[in-house]
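Chain residues, written in single-letter form:
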Amino acid sequence: MRVLCVAEKNSIAKSVASILGGGQVKRRDTKSKYIKNYDFTFDFGGYIGSAQVTMTSVSGHLTEASFPSEYNSWSSVPQDILFDARIITSVSKNANVLADNIKKEARNATYLYIWTDCDREGEHIGMEITNVARTSNPQIRVIRADFNNLERRHIIQASKRPRELSKDAADAVSARIELDFRLGAIFTRLQTLQLQRAFEILQSKVISYGPCQFPTLGFVVDRWQRVEDFVPENFWFLKLVDKRERQTVNFTWKRNRVYDRLAAILFLENCLDAKVAKVVKVNQKPARRYKPLPLSTVELTKMGPKYLRLSSKKTLELAESLYTNGFVSYPRTETDQFDSGMDLHGIIGKLTVSEDWGPFAQGLLDGNFRIPRKGKHNDRAHPPIHPINFVHRSALQSQDHWKVYELITRRFLACCSENAIGAETIVELQMGDESFSQKGLVIIERNYLDVYPYDKWTGTGQLPAYQVGEEFVPSMLNITDSVTTSPSYLTEPELIALMDANGIGTDATMADHIEKVQEREYVIKRKKRGAATEFVPSSLGIALAKGYDEIGLEWSLTKPFLRKEMEVQLKNIETGHLDRDALVHMTLTQFRDVFHLTKQRFDCLKNSCRLYLIELNES
């Protein structure tokens, strides 16, 4: 019996082969210097039993989409023909040697065992591998490993419990690939040809369109417009101060602020006429700061820029490196709830040797453990991101690797801890017709905060004693003026949050889309004060977004609605509730109307470019 196992990348193949081969692994070179074949013997149990195994890998997708050569000319082929043109799916030039290796190794194999990542994309890559293997061995039987980390026991268990590849998940990716390819080609050709002819500065530039990148650009332009439109306004508010028991208590006016100075004066006179402030309510209650939810990919990519000074893409790349080395679980997951059967104590036990959080982890084992909170998302494929093994910082490749590993580990320990506990006192005053209040907070037990420095809960201190019905003359009561502040440009965590809320991309692709709009020079990332960064649109990015808005489409291409609907339908394909071809037909029909209206009103885009590209031309 011979079994060919194929992983999604060489690092995974090497790790799985090392575990299953028990150290008795022979490595063979392939025609690709990046891909190796690993030979060993393993007993899979069940209907496979003991077998000679070759473990190899691909490097992501094997295939690519293209149009037949007669559609290659941008200038002579009408763009709308591409809505119906035949698509050729073939092994990409860079993957030919990988495909040849699979064909060769599959020729004498009884089973093809797919070890690609267990997500939608991994199912499609598994299908690509299957199609290639069957060109040399049509009778090969295909099974699929279900795994989410590279811990030894987990991999051995996964090897003995294969399942079938999910055709529905692969179909969802196939639909997305076709739609993105067709629509990208159609609108990129339209934009590029029209704008290159109209603007000398754009004659050598491809004006690319992407169904996810344009809504991403739209978010950045929308926030930029809010900043541009901002006009500062003066406002006034009442400030009431009481000094007692060696404390100064600043009470907050219930109205917050008014934008009319005369009105503020009238409110102040009403208070002065009353002469005294009266305590109308004293509310004392327990306070809690809830521990974080288990870590999902979206949350990880938001935390990287905010706390680690790493881009979302870099954060995810580092997490994937930690995963392939067996230190953390699979980092591409929507799930933010741990399964009740998961051995969380076992994971905590491995972390007790750390100098940084070992005592805290031991405390959890000694009685401080609490069941993690459950979020609302479960992709049924992967658990939340969590540590698998402890690793010392000196054993990692870089300080950035350590920062990501530390964040993942501290997040996990915080999830398994108790909420922070405090005591809150709220005092409410009445002075004339005006109401004021102040809150005092004392932190009693920090709990999860002791291991999780990314969350801050600062106590304001205990308020002095106030009694309901008590009256006093304020130490200070006056009008203070200020001015409204401009909204800020989008930060990376804010952009990811908008993409997530509007269904733009998946948890695994959002960071790539953000990189893409920067590569295309539609969006610029720049530093704010300190270490933070923000996104501003380029002149070209503004021109495109404003131009599409001016066209008057029901759903502008720079708004999230079309893509959000497509992502919902892709999930329906994945769950078997929608046919792949039905979604492709429906979406292309919708975009065909968008295309014709865009072409008819393309002068709106040209006019927008004339307005906003002046700055680009001058620079």
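Residues numbered from 1 in each chain as written. Predicted model: local features only at pLDDT ≥ 70, side-chain atom pairs only at ≥ 80, totals over all residues. Heavy atoms only, no water.

Asker: Please explain the sheet that holds strand 4 (residues 50-57) as it appears in this structure.
Answerer: In sheet architecture, strand pairing relies on hydrogen bonds along the backbone and comes in two forms, parallel and antiparallel. Pairing within the open sheet is mixed, and its six strands lie in the order 2-3-4-1-7-8. One side of each edge strand has no neighbouring strand; the edge strands of this open sheet are strand 2 (26-29) and strand 8 (141-144). With strand direction ignored, the average angle separating the axes of adjacent strands in the sheet is 25°. Here helix 1 (residues 10-21) sits on the sheet and contacts strand 1 (2-7), strand 3 (36-43), strand 4 and strand 7 (111-115); the angle it forms with strand 3, its principal contact strand, is near 30°. Strand contacts of helix 3 (residues 120-136): strand 1, strand 7 and strand 8, with the helix running at about 155° to strand 7, the strand carrying the most contacts. (Pairing = 2+ DSSP bridges. Helix = DSSP H or I, 4+ residues; strand = E, 2+ residues; numbered from the N terminus. Axes fitted to C-alpha atoms, helices over the stretch in contact; angles between N-to-C directions. Contact = heavy atoms within 4.5 Å.)

Asker: It is not clear to me how the packing of aromatic side chains should be interpreted in this structure. Could you clarify?
Answerer: Any aromatic ring pair is given by two values, namely how distant the centres are and how the planes are angled relative to each other. This model, assessed by the stated rule, comprises 30 aromatic pairs. Ring centres 4.7 Å apart and planes at 35° place the aromatic pair Phe67 and Phe181 in the tilted group. Taken together, the residues Phe67 in the loop between strand 5 (63-66) and strand 6 (88-91) and Phe181 in helix 5 (residues 167-198) connect sequence positions 114 residues apart. Relative to Phe595, the ring of Phe83 has its centre 5.9 Å away and its plane inclined at 70°; by these criteria the two rings are edge-to-face. Taken together, the residues span a long stretch of sequence, with Phe83 in the loop between strand 5 and strand 6 and Phe595 in helix 17 (residues 580-600) at a distance of 512 residues. Taken individually, Phe83 and Phe595 each receive the classification buried, so the pair is uniform in this respect. Taken together, Phe83, Phe187, Tyr209, Phe214, Tyr522, Tyr548, Phe591 and Phe595 form an aromatic cluster joined through their ring pairs. The ring centre of Phe472 lies 5.1 Å from the NZ or CZ of Arg244, which sits over that ring. (Phe/Tyr/Trp six-rings, centres within 6.5 Å; stacked < 30°, edge-to-face > 60°. Buried < 20%, exposed > 50% of the residue type's maximum accessible area, 1.4 Å probe, protein only. Lys NZ or Arg CZ within 6 Å of the ring centre and 35° of its normal.)

Asker: Looking at this structure, I do not really get the sheet that holds strand 12 (residues 420-431). What am I missing?
Answerer: One open sheet holds the seven strands; their spatial order is 14-11-12-13-10-9-15, and the pairing between them is antiparallel. With partners counted over all chains shown, the strands left at the sheet margins are strand 14 (471-472) and strand 15 (476-483), one partner each. Running over the sheet, helix 7 (residues 261-274) touches strand 9 (234-244), strand 10 (247-253), strand 12, strand 13 (434-445) and strand 15 and is turned about 165° from strand 15.

Asker: In this structure, what is going on with the environment of His154? I would like to understand it.
Answerer: On the secondary structure map, His154 appears in helix 4 (residues 152-159). Each residue touching His154, except ones within four places of it in the same chain, is listed here: Asp146, Phe147, Asn148 and Asn149.

Asker: Whenever I open this one, empty space enclosed by the protein confuses me. Can you help?
Answerer: Picture a little ball the size of a water molecule; that probe, rolled over the atoms, points out where space is still empty. Counted under the stated rule, the structure contains one cavity of 30 Å³ or more. As a volume, the largest cavity reaches approximately 40 Å³. Taken together, Tyr209, Pro211, Pro215, Ser556, Leu557, Lys559, Leu562, Arg563, Met566 and Phe591 form the lining of the largest cavity. If one sorts the elements of the lining of the largest cavity by residue count, helix 16 (residues 561-574) sits on top with three residues. Of the residues assigned to the lining of the largest cavity, the class counts are seven nonpolar, one polar and two charged. (1 Å grid on protein atoms, 1.4 Å probe; cavity = no way out; pocket = protein on both sides within 12 Å on 5 of 7 lines; lining within 4 Å. Points joined across faces, edges and corners; volume = space filled by probe spheres on them. Nonpolar A, V, L, I, M, F, W, Y, C, P; charged D, E, K, R; others polar.)

Asker: Before we go on, may I ask you to explain the domain arrangement of the protein chain in this structure?
Answerer: Examined at the domain level, the protein chain breaks down into domain 1 (2-165), domain 2 (171-229 + 488-617), domain 3 (234-290 + 420-483) and domain 4 (297-413). For domain 1 versus domain 3, the separation of C-alpha centres amounts to 64 Å. (Domains from an automatic or database assignment.)

Asker: I tried to follow the pattern of salt bridges on my own but got confused; where do I start?
Answerer: Side chains carrying opposite charge are able to pair once their charged atoms draw close together. Taken as a whole and judged by the stated rule, the model has 41 salt bridges. Among the salt bridges present, the one from Asp84 reaches Arg592, with a minimum N-O distance of 3.2 Å. Linking Asp84 in the loop between strand 5 and strand 6 with Arg592 in helix 17, this pair joins segments that are 508 residues apart in sequence. In this structure, Glu494 engages Arg223 in a salt bridge whose closest nitrogen and oxygen atoms are separated by 3.6 Å. Placement of the pair is Glu494 in helix 13 (residues 492-501) and Arg223 in helix 6 (residues 213-229), with a sequence separation of 271 residues. Its relative accessible area of 16% is what places Arg223 among the buried residues. One network of salt bridges, in which partners are shared, links Arg2, Arg28, Asp39 and Glu105. (Salt bridge = Lys/Arg side-chain N within 4 Å of Asp/Glu carboxyl O.)

Asker: What should I look at first to understand the UniProt feature "domain: Toprim" (unreviewed entry) in the protein chain in this one?
Answerer: Residues given the UniProt feature "domain: Toprim" (unreviewed entry) here are residues 2-148. Note that residues 2-148 is 27% helix and 29% strand, and that its end C-alpha atoms are spaced 25 Å apart. (UniProt positions renumbered as here; feature names shortened; annotations may be inferred.)

Asker: How do you make sense of helix 15 (residues 539-551) when you look at a structure like this?
Answerer: Along an α-helix, a turn takes 3.6 residues, which lines up residues three or four apart on a common side. Taking 1.5 Å of rise per residue, the 13 residues of helix 15 would be expected to cover 18 Å, and the 18 Å separating its terminal C-alpha atoms lies within 8% of that figure. Among the 13 residues that make up helix 15, 11 are buried, leaving the element largely enclosed by the rest of the structure. Buried residues of helix 15: Ser539, Leu540, Gly541, Ile542, Ala543, Leu544, Ala545, Lys546, Gly547, Tyr548 and Ile551, and no others. Gly552, located one to two residues past helix 15, shows a positive phi value of around 90°. (Expected span 1.5 Å × (residues − 1).)

Asker: Could you clarify how one ought to interpret the environment of Ala381 in this entry?
Answerer: Examined against the element boundaries, Ala381 turns out to sit in the loop between helix 11 (358-368) and helix 12 (399-415). Each C-alpha atom, one on Ala381 and one on Asn148, is 7.8 Å from the other, the two residues being 233 residues apart in sequence. In this view, Ala381 contacts Cys118 and Asn148; residues no more than four positions away in its chain are not counted.

Asker: It is not clear to me how the nonpolar core should be interpreted in this structure. Could you clarify?
Answerer: For soluble globular proteins, nonpolar side chains are generally found buried alongside one another. Counting 70 residues, the largest nonpolar core has Met55, Trp115, Phe147 and Tyr405 as the members making the most contacts within it. With eight residues, the single largest contributor to this core is helix 12. By size, the runner-up hydrophobic cluster in this structure holds 64 residues, among which are Ile504, Phe535, Ala545 and Leu613. (Core = buried A, V, L, I, M, F, W, Y, C linked by side-chain atoms within 4.5 Å.)

Asker: Looking at this model, I keep getting lost on the side chain of Lys36. Mind explaining?
Answerer: If you trace the backbone, Lys36 turns up in strand 3. For Lys36, a relative accessible area of 14% puts it in the buried group. There is a polar contact of 3.0 Å between the side chain of Lys36 and the side chain of Asp29. (Polar contact = N/O pair within 3.5 Å; in protein donor to acceptor, adjacent residues only side chain to side chain.)

Asker: Honestly, the pairing of strand 10 in this entry has me stumped. Any pointers?
Answerer: For a regular strand, side-chain orientation follows a simple rule: the groups alternate between the two sheet faces. Relative to strand 10, strand 9 runs antiparallel, the two sharing five bridges. Of the residues in strand 10, the one forming a bridge with Asp242 is Val249. Count of turn residues in the strand 9/strand 10 antiparallel hairpin: two residues, of which Glu245 carries a positive phi of about 50°. Direction of pairing for strand 10 relative to strand 13: antiparallel, over a ladder of two bridges. Considered in strand 13, the bridge of Trp253 is made with Phe436.

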